[in-house]
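# Fold and geometry: a report
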Amino acid sequence: SDGDRVVDSRHVHVSYLGRDITAATESVRLVFPDTTSSFPIVDNMSAGQILWEGDVVSEGETQHLKIHTHILNDPVLGTEFSLHRNRMENTKPVAIELPDELPEGATGNLIEYDAMGTIITDSASIYAGTPELQ
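Let us look at the structure shown here. Predicted model, so just to flag it, every value in this text is computed and none were measured. (Residues numbered from 1 in each chain as written. Predicted model: local features only at pLDDT ≥ 70, side-chain atom pairs only at ≥ 80, totals over all residues. Heavy atoms only, no water.)

Moving on to the pattern of salt bridges. By the definition in use, this model includes four salt bridges. With a shortest N-O distance of 2.9 Å, Glu 26 and Arg 19 are connected by a salt bridge. Residue Glu 26 shares its accessibility class with Arg 19, and that shared class is buried. With its nearest N and O atoms 3.8 Å apart, the salt bridge here joins Lys 92 to Glu 61. Of the two residues, Lys 92 is situated in the loop between strand 7 (78-84) and strand 8 (94-97) and Glu 61 in strand 6 (residues 61-74); the sequence distance between them amounts to 31 residues. The buried category is assigned to Lys 92, whose relative accessible area is 12%. Residue classification places Glu 61 among the partly exposed residues on the basis of a relative accessible area of 34%. (Salt bridge = Lys/Arg side-chain N within 4 Å of Asp/Glu carboxyl O. Buried < 20%, exposed > 50% of the residue type's maximum accessible area, 1.4 Å probe, protein only. Helix = DSSP H or I, 4+ residues; strand = E, 2+ residues; numbered from the N terminus.)

Now the structure itself:
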């Protein structure tokens, strides 16, 4: 049993259901207070899954994140994102978005963190499930 295991926002899974992600044309966008960075999904695929890890400088401080999927576009399960944001290495708020190919009026927010690493839940996309702390 892992009932005594500590879980927090450093490692989170988010299900994404109701829309397939078009890996060939879509990007993931990271929105920080003073900068926006994005990466094309097609250039960050490994064994049929999204896999990106990198640094973005926001307000003079390096922010390190890892974003990958365990499941991508399964007909039943959709997509399962795994997000790593260590609070010891990250001090700025960030929104992680899938802004491409959305129907009109839909937000692209997959997840949003405040500066302390707390997950802000009221801004999520209609496709994003409740974040599950790992």
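Reading across from one edge, 4-5-6-7-1-11 is the order of the six strands in this open sheet, with antiparallel pairing throughout. Each edge of the open sheet carries a strand with a single partner, namely strand 4 (45-46) and strand 11 (132-133). The pairing of strand 6 with strand 7 spans six bridges and is classified as antiparallel. Its bridge partner being in strand 7, Lys 66 is matched across the sheet by His 84. (Pairing = 2+ DSSP bridges.)

What follows deals with the sheet that holds strand 10 (residues 119-120). Pairing within the open sheet is antiparallel, and its five strands lie in the order 3-2-8-9-10. Each edge of the open sheet carries a strand with a single partner, namely strand 3 (36-40) and strand 10. The pairing of strand 2 (residues 27-31) with strand 8 spans three bridges and is antiparallel. What sits directly across from Val 31, in strand 8, is Ala 95.

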